[in-house]
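If you want the building blocks of each chain, they are given just below.
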Amino acid sequence: MTTTKFTLTRNSFGKLILSNDDGEVFEGVSPVRAFPIQSPLTGISLVLTDGREVAWIDQLDDLPADARELVLEELEGREFMPEISSIISVTSFALPCTWKVATDRGETDFVLKGDEDIRRIGKTSLLITDNHGIQFLIRDMYEIDKHSRKILDRFL
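Residues numbered from 1 in each chain as written. Predicted model: local features only at pLDDT ≥ 70, side-chain atom pairs only at ≥ 80, totals over all residues. Heavy atoms only, no water.

Draft legend 1. Seen up close, the pattern of salt bridges. Considering all chains together, one arrives at 6 salt bridges under this definition. Residue glutamate 73 pairs with arginine 10 through a salt bridge whose shortest N-O separation is 3.4 Å. Of this pair, glutamate 73 sits in helix 1 (residues 65–78) while arginine 10 sits in strand 1 (residues 6–10), and the two are 63 residues apart along the sequence. Under the relative-accessibility criterion, arginine 10 is labelled partly exposed at 32%. Ionic pairing is found between lysine 100 and glutamate 107, a salt bridge with its closest N-O pair at 3.9 Å. Lysine 100 gets classed as partly exposed once you look at its relative accessible area, which sits at 33%. Connected through salt bridges with shared partners, the residues Arg10, Glu73 and Glu74 form a single ionic network. (Salt bridge = Lys/Arg side-chain N within 4 Å of Asp/Glu carboxyl O. Helix = DSSP H or I, 4+ residues; strand = E, 2+ residues; numbered from the N terminus. Buried < 20%, exposed > 50% of the residue type's maximum accessible area, 1.4 Å probe, protein only.)

Encoded structure:
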């Protein structure tokens, strides 16, 4: 289903309202990315609270600016995945250990419990899950600094 002809508004309760060309109105729609890491701006589904899809966005850039802004605001509110820009230190190369990292949201520490908490996503991306279930993204492990890469290699 490819649907890009609709209007999006936000009601006074902060919920997204979708109105399509058939005159149907859906309250409380949420955007869900099909490929959040590899293609975050393509393939976005607008779903209801029961998971039923009511619209599909092939390319986020195809939407008018106001609708695009609403979708991005909603996605930012739902998704929390700090992106690691460098690994400052680790307490040990034995697990569990504490990593000190710099992310796009500031510096933080987290505990890595096991090797299985580092997953490869595609050829260059990594997803690291801490002991609380928070996922950290390394978008391209070959583009991080040499010190970080050296630490990362010990765990891969």
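Next comes the rest of the write-up.
Draft legend 2. Broad picture of the sheet that holds strand 4 (residues 30–33). Within the open sheet, the 3 strands sit side by side as 4-5-6. Their pairing is antiparallel. Every other strand in the sheet has two partners, leaving strand 4 and strand 6 (53–59) as the edge strands with one partner each. Averaged over all pairs of adjacent strands, the angle between strand axes in this sheet comes to 25 degrees, irrespective of strand direction. Pairing of strand 5 (residues 42–47) with strand 6 involves 5 bridges; the strand directions are antiparallel. Residue pairing for strand 6: leucine 46 is matched across the bridge by alanine 55. Together, strand 4, strand 5 and strand 6 form the strand contacts of helix 1, whose direction differs from that of strand 4 by roughly 75 degrees. (Pairing = 2+ DSSP bridges. Axes fitted to C-alpha atoms, helices over the stretch in contact; angles between N-to-C directions. Contact = heavy atoms within 4.5 Å.)

Draft legend 3. Representation of the packing of aromatic side chains in the model. Under the criterion given, the structure shown has 4 aromatic pairs. Where tryptophan 99 meets phenylalanine 155, the ring centres are 5.0 Å apart and the plane angle is 50 degrees; that geometry is what we call tilted. Separated by 56 residues along the polypeptide, tryptophan 99 in strand 8 (residues 97–103) and phenylalanine 155 in helix 2 (residues 146–155) bring together distant segments of the chain. A relative accessible area of 0% means that tryptophan 99 is categorised as buried. Aromatic side chains phenylalanine 110 and phenylalanine 136 sit 4.5 Å apart centroid to centroid with 20 degrees between the ring planes, which places their arrangement in the stacked category. Taken together, the residues phenylalanine 110 in strand 9 (residues 106–112) and phenylalanine 136 in strand 12 (residues 135–138) connect sequence positions 26 residues apart. Each member of the pair, phenylalanine 110 as well as phenylalanine 136, is classed as buried. (Phe/Tyr/Trp six-rings, centres within 6.5 Å; stacked < 30°, edge-to-face > 60°.)

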